[in-house]
Amino acid sequence: MTGYPTPKLILDKTLSTALLIVLSPVFAFLFVAMGLDGLFRARDRGPWLYRERRISRGREFDLLKFRTLRREVIDRIDPESHARMHEADESNLTWAGRRLLKPRYLDELPQIWNVFRGDMSLVGPRPWPPSMVADQVARGFTYRNEFIAGWTGPAQVEKGITESSGYAVLDVAYVEACGRASRWQIVRNDLALLRRTIAVLMRGEGLRF
């Protein structure tokens, strides 16, 4: 099965709508905090959101994140690369990024809107930049051009993965499982992965994005 299975679509629309409503106070707080950060720290000023080009089902879209990096750092980033590589150096981060967003991965919250819009799913292979997808396709892994990308998935909650091939094995297994599963099995499997993701976040272990 490729594309966007209907049970996943229903689950994603339902949960993303609920999350946008429930988390609206958190979004409001973060917008105020980031605004105050920019007001008192000139180096931290810039747009609230940061966009990166990603691939889902073979189509490009703008992956949304709360901006954690100073504008001067963002201006130096290759549009095809991951901003995450620059976030390891705390001197690149805004105060809000360092103190509020990164510790609990709140910078990823705007991707709920990506899910609501249908750009991606709550669960699936993590969306990669076009150049990385092209490299992966050249190695024979085409699933990112065929299956909807996800906010989280099996490759994001498993530890010990050090190579892209490790991601591919888990991602392909998930995609193939969706092809064999019934509509309710797909929903149950996605909910189980979401529970594991929440557990990892609550322990502060970090997800593999």
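Here goes a summary of the coordinates provided. (Residues numbered from 1 in each chain as written. Predicted model: local features only at pLDDT ≥ 70, side-chain atom pairs only at ≥ 80, totals over all residues. Heavy atoms only, no water.)

## Let's talk about the overall build of the chain
So, step 1. Counting its secondary structure elements, the chain contains 10 helices and four strands.
So, step 2. Reading the chain from its N end, one meets helices and strands in the order α-α-β-β-α-α-α-α-β-α-β-α-α-α.
So, step 3. For 209 residues, the compact-globule formula gives about 17 Å, and the C-alpha radius of gyration of the chain, at 17 Å, lands near that figure.
So, step 4. Counting only residues that meet the buried cut, the chain has 47% of its 209 residues in that class. (Helix = DSSP H or I, 4+ residues; strand = E, 2+ residues; numbered from the N terminus. Rg over C-alpha atoms; globule rule 2.2 N^0.38 Å. Buried < 20%, exposed > 50% of the residue type's maximum accessible area, 1.4 Å probe, protein only.)

## Details of empty space enclosed by the protein
So, step 1. In this structure the tally under the stated criterion is three cavities of 30 Å³ or more.
So, step 2. In this structure, the largest cavity encloses a volume near 80 Å³.
So, step 3. Lining of the largest cavity is provided by 11 residues; of these, E52, R54, K65, H82 and R84 occupy positions nearest its centre.
So, step 4. Mapped onto the lining of the largest cavity, the elements with two or more residues apiece are β1 (49-56) and β2 (59-66).
So, step 5. Each residue belonging to the lining of the largest cavity can be placed in one class, and the counts come to four nonpolar, one polar and six charged. (1 Å grid on protein atoms, 1.4 Å probe; cavity = no way out; pocket = protein on both sides within 12 Å on 5 of 7 lines; lining within 4 Å. Points joined across faces, edges and corners; volume = space filled by probe spheres on them. Nonpolar A, V, L, I, M, F, W, Y, C, P; charged D, E, K, R; others polar.)

## Focus: the pairing of β1
So, step 1. With eight bridges joining them, β1 and β2 adopt antiparallel strand pairing. In the strand pairing of β2, E52 is matched with L63. (Pairing = 2+ DSSP bridges.)

## A look at a nonpolar patch on the surface
So, step 1. Nonpolar side chains collect at one region of the surface, where V32, L36, L39 and F40 lie side by side and expose about 440 Å² of accessible area between them.
So, step 2. Structurally, the position occupied by V32 is in helix α2 (residues 24-40).
So, step 3. Take V32: its relative accessible area is 52%, and that puts it in the exposed class. (Patch = residues over 30% accessible without salt bridge, like charges linked within 9 Å, V, L, I, M, F, W, Y side chains within 5 Å. Areas by Shrake-Rupley, 256 points an atom, 1.4 Å probe, with all protein chains shown as cover. Salt bridge = Lys/Arg side-chain N within 4 Å of Asp/Glu carboxyl O.)

## Some words on the nonpolar core
So, step 1. Counting residues in each nonpolar core, the largest one holds 20 residues, and the members touching the most others are M120, V123, F147 and Y174.
So, step 2. Listing elements by their share of this core, those giving two or more residues are β2, β3 (121-123), α9 (164-180) and α10 (183-203).
So, step 3. No other element matches α10, which puts four residues into this core.
So, step 4. Not counting residues within four places of it along the chain, the set of residues in contact with Y174 comprises K8, V123, G124, P125, F147, P154, D190 and L193.
So, step 5. Formed by eight residues, the second largest nonpolar core is a distinct cluster that contains F27, F66, A96 and L109. (Core = buried A, V, L, I, M, F, W, Y, C linked by side-chain atoms within 4.5 Å. Contact = heavy atoms within 4.5 Å.)

## Digging into the pattern of salt bridges
So, step 1. Tallying each qualifying case throughout the model produces 15 salt bridges.
So, step 2. A salt bridge links D107 to K65; its shortest N-O distance comes to 3.7 Å. In this pair, D107 sits in the loop between α5 (95-101) and α6 (111-117) while K65 sits in strand β2, placing the two residues 42 residues apart along the sequence.
So, step 3. Here K65 falls in the buried class, since its relative accessible area comes to 4%.
So, step 4. The salt bridge involving R144 is made with D171; its shortest N-O contact spans 3.3 Å. Residue R144 is located in the loop between α7 (130-138) and β4 (150-152), and its partner D171 is located in helix α9; the two are separated by 27 residues in the primary sequence.
So, step 5. By relative accessible area, R144 is classed as buried at 3%.
So, step 6. In this structure, a network of salt bridges that share partners links the residues K65, E87, K102 and D107.

## A closer look at the side chain of D107
So, step 1. D107 gets classed as buried once you look at its relative accessible area, which sits at 0%.
So, step 2. With residues up to four places along the chain from it excluded, the contact list for D107 reads K65, F66, T68, E87, L101 and K102.

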